[in-house]
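These are the residues of each chain, in order.
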Amino acid sequence: MSEMMDVTEDKPDPAEEIRITFLFMGQGDCVLISCPDGKRILVDCGSTGGLSDTAWLRAHMMLRSDDGVAKRGGLDALILTHPDLDHCNQIAGMLLGAKIEATTLDGVKVEAQTTATIPVNDVYFSFGSKDVNSPLAAYAKSGASDTIYNRLGVKRLHLVLLNATASGVRTWNWGATDKPYADTPLNTGVLEVAWGTTASKKRAWSVKIIAGGVAKATDDQSDAGGRNAGSLVTLLQLGTEKALLCGDATVSTERFLVANRGALISGLVTLQAPHHGSSRTSSSPDFVNATRPKSVAVSVDLIEYSHHLPGKDVIDRYMATVQDVTRHRVDAWQRDPRFQKGTTNQALAQLDQWRRDGVKLERKQSKVDDEPVSEGPHYIRADQEDVTDVFVALSPAEGYLCYRGNSTKDIHLTGLTGQVDYLTYALTGE
Ligand SMILES: [Zn+2]
């Protein structure tokens, strides 16, 4: 073999890999899948905080770049895991064309321009409405339903049910004037979204939905409506390598996956931690043991103080399975149990220490769905960009502290890396 060919083989070849790009959305989710045959699939697109103008522009332009859909001309599929705003309220902001003022982005000049709308062929979703003429009614609050119905040239809508009691897909021919729909059973328990064989190495690859509409169990601490448990779960495979995207899946979804999709989810190369790394609802020990991921991505805002994400016990659980990588920062929230006994808590002691040390602090109130909640304020170190191995934020009223550590384990937070770079992974089958 010639030297030149060796060099060629060392370069990543888009036709031989599945690339997964986690875009930084603040508190939210937006994941781009680039398939070996050039197909482009977006999983979710939403944010309920921390999406600065710069971060918005970066994601908006990235989606239109060569790494995005520039060569493809649009998205082959959009997968909406569930109707929560942090997963779908940026469909319009990211996919519709927009007027951009001249500016610089990461040191590169951006010309004044009107960007193009990104058309979408197929939309896959959970939580269909009973009104068959408005299948995306659950997504109306986010504005996603109107955008999808009328502005993206969508050809088909697919309501996916893959759970303990149902296995099928209802597909609307949305491009037709009378919008007929048909039900198809999914006897294999999965719905293939895209698949093929790589061009030169002839490796089989696929993108498939393996769970959807799972019912919330009574001991599940997640949202009362069960929207999170019903999240669509997407499995990517290339050769023997696998990655799993989980939306806001909870312990209910995880139990379904472990019991019914155990072989599919075992030995992952990459896992998107369910529900932004929530330790209250997700990443149960059984699920972590069943998946044993080599790398974990957490979609989360920088110092996510409204829900305290990700939880330290979840991060610790994955630390035991992931591989070693170069040193980087990882944030994790922990709660001081002494607070619950009503005694002086560690958060209050840390706040006193910061004040004695003259640390400059930002004061922030928790928000849920953009509404302030009545818990006490959070204090965030103003110098947190420059520090590690210390607490960077805390809430004395609730006893929560956010610790920023250094780690050589392959767990990355979009909120720490996504400020400048995207978080990308590749399945290569090697
Ligand atoms: Zn979410």
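Before reading on, note that the structure itself is shown above.
Chemist: So what exactly am I meant to see when it comes to the pairing of strand β23 (residues 378-381) here?
Modeler: Each regular strand carries side chains that alternate between the two faces of the sheet. Side chains H378 and I380 project from β23 onto one buried face, and the interleaved Y379 and R381 project onto a second face that is buried too. In this structure, strand β20 (residues 361-364) lies alongside β23, joined through four bridges in antiparallel fashion. Counterpart to R363 in the pairing with β23 is Y379. Across two bridges, β23 lies against strand β24 (residues 390-395) in antiparallel orientation. The residue of β24 that forms the bridge with I380 is A393.

Chemist: Explain helix α10 (residues 346-357) to me, please; I cannot follow it from the model alone.
Modeler: Helix length check: α10, at twelve residues, gives a terminal C-alpha distance of 16 Å against a target of 16 Å (1.5 Å per residue), a fit within 8%. Positioned one or two residues after α10, G358 has a phi angle of 70°, which is positive.

Chemist: How should I be thinking about unusual backbone geometry in this particular structure?
Modeler: Keep in mind that most residues, glycine aside, have a negative phi and that most peptide bonds are trans. The linkage connecting L309 with the following residue, P310, adopts the cis geometry, with an omega of -5°. As for its placement among the helices and strands, P310 is situated in the loop between β18 (295-298) and α9 (312-319). The residue H276 is not glycine, and still its phi comes out positive at about 55°. Within the secondary structure layout, H276 lies in the loop between β17 (270-272) and α8 (285-291). Positive phi values are uncommon outside glycine, yet D389 reaches one of about 60°.

Conventions we followed
- Residues numbered from 1 in each chain as written.
- Predicted model: local features only at pLDDT ≥ 70, side-chain atom pairs only at ≥ 80, totals over all residues.
- Buried ≥ 20, exposed ≤ 12 C-beta atoms within 10 Å, placed from the backbone.
- Helix = DSSP H or I, 4+ residues; strand = E, 2+ residues; numbered from the N terminus.
- Pairing = 2+ DSSP bridges.
- Expected span 1.5 Å × (residues − 1).

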